[in-house]
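Observations on chain architecture
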Amino acid sequence: ATNVAGLPGNGVSGKGYSQLSSPTDIAVDSDGTMYILDSGNYRVMKWLRDEPLGFRVAGNESSGSALNQIAHSYDLYLDNDGNIYISEYGNHRVSKWLKGNTSAGIVVSNTQLTYEAPCNVGR
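Rules and cut-offs
- Residues numbered from 1 in each chain as written.
- Predicted model: local features only at pLDDT ≥ 70, side-chain atom pairs only at ≥ 80, totals over all residues.
- Heavy atoms only, no water.
- Helix = DSSP H or I, 4+ residues; strand = E, 2+ residues; numbered from the N terminus.
- Contact = heavy atoms within 4.5 Å.
- Polar contact = N/O pair within 3.5 Å; in protein donor to acceptor, adjacent residues only side chain to side chain.
- Core = buried A, V, L, I, M, F, W, Y, C linked by side-chain atoms within 4.5 Å.
- Buried < 20%, exposed > 50% of the residue type's maximum accessible area, 1.4 Å probe, protein only.
- Pairing = 2+ DSSP bridges.
- Axes fitted to C-alpha atoms, helices over the stretch in contact; angles between N-to-C directions.
- Phe/Tyr/Trp six-rings, centres within 6.5 Å; stacked < 30°, edge-to-face > 60°.
- Salt bridge = Lys/Arg side-chain N within 4 Å of Asp/Glu carboxyl O.

1. Looking at the environment of Asp 29
- Locating Asp 29 in the fold gives a position in the loop between strand S1 (23-28) and strand S2 (34-38).
- Along the backbone, Asp 29 and Leu 78 are 49 residues apart, and their C-alpha atoms lie at a distance of 7.7 Å.
- Leave out the neighbours within four places in its chain, and Asp 29 touches Tyr 35 and Leu 78.
- Within the structure, Asp 29 has its side chain in polar contact with the backbone nitrogen of Asp 31 (distance 2.9 Å).

2. A look at the nonpolar core
- Listed in full, the 12 residues of the largest apolar core are Ala 27, Tyr 35, Leu 37, Val 44, Val 57, Ala 58, Ile 70, Leu 76, Leu 78, Ile 84, Ile 86 and Trp 97.
- Elements supplying a minimum of two residues to this core: S2, strand S4 (55-58), strand S5 (73-78) and strand S6 (84-88).
- Every residue in contact with Leu 78, bar those within four places of it in the chain, is listed here: Ala 27, Asp 29, Tyr 35, Asn 83 and Ile 84.
- Core analysis: the next-biggest nonpolar cluster, separate from the first, contains five residues, Leu 20, Ile 36, Met 45 and Trp 47 among them.

3. Re the sheet that holds strand S3 (residues 43-47)
- Strand order in the open sheet formed by four strands is S1-S2-S3-S4, with antiparallel pairing between adjacent strands. The open sheet terminates on both sides in strands that have one partner only, identified here as S1 and S4. The mean inter-strand angle of the sheet, taken between neighbouring strand axes irrespective of direction, is 30 degrees.

4. Structural notes on the packing of aromatic side chains
- Under the counting rule described, the total for this entry stands at two aromatic pairs.
- Their ring planes at 50 degrees and their centres at 6.0 Å tell us that Tyr 77 and Tyr 85 sit as a pair that is tilted.
- Its relative accessible area of 23% is what places Tyr 85 among the partly exposed residues.

5. Comments concerning unusual backbone geometry
- Phi angles above zero are rare outside glycine, and Tyr 42 is one such case at about 55 degrees.
- Inspection of the secondary structure assignment puts Tyr 42 in the loop between S2 and S3.
- By relative accessible area, Tyr 42 is classed as partly exposed at 24%.
- Positive phi, close to 75 degrees, is recorded for Glu 61, a residue that is not glycine.
- Following the sequence through the fold, Glu 61 ends up in the loop between S4 and S5.

6. Remarks on the pattern of salt bridges
- Inspection of every chain in the model, using the stated rule, returns four salt bridges.
- Its salt-bridge partner being Arg 56, residue Glu 61 comes within 4.0 Å of it at the nearest N-O pair.
- A residue is classified by how much of its surface remains accessible, and Arg 56, at 25% relative accessible area, is partly exposed.
- As a salt-bridge pair, Arg 93 and Glu 88 come within 3.0 Å of each other at their nearest N and O atoms. Each member of the pair, Arg 93 together with Glu 88, is buried.
- Salt bridges sharing partners connect three or more residues here, namely Asp 38, Arg 43, Arg 56 and Glu 61.

7. As for the environment of Asn 60
- Relative to the elements of secondary structure, Asn 60 occurs in the loop between S4 and S5.
- Under the relative-accessibility criterion, Asn 60 is labelled partly exposed at 32%.
- Ignoring any residue separated from it by four or fewer positions in sequence, one finds Asn 60 in contact with Tyr 42, Asn 68 and Gln 69.
- In this structure the side chain of Asn 60 is engaged in a polar contact, spanning 2.9 Å, whose partner is the side chain of Ser 62.

Here's what the structure looks like:
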């Protein structure tokens, strides 16, 4: 195997641009550029082919529900225009980060789970 992202062989996670922490998903575009959902650092890293460092394209590296943050996530999707969609498990939403905009995403879907007790009229 060849190491293509993250520090090779040391098995230590971190926040540096050569490090990852609990990556959970990856997308690769037609140029071979990787987009890595670095869940432990609450960010998406873009890694150009044959480069030693990646750079952050989504998330501000802290968990939260503000539009510049992402929470614990498992999946991402890269569309043909280079926009990134992140399925945020921790925020119960899908956020979209437009290509070139690394400061904030937009919410394209969210679900607030609610429970309503059944009506017991006449009891």
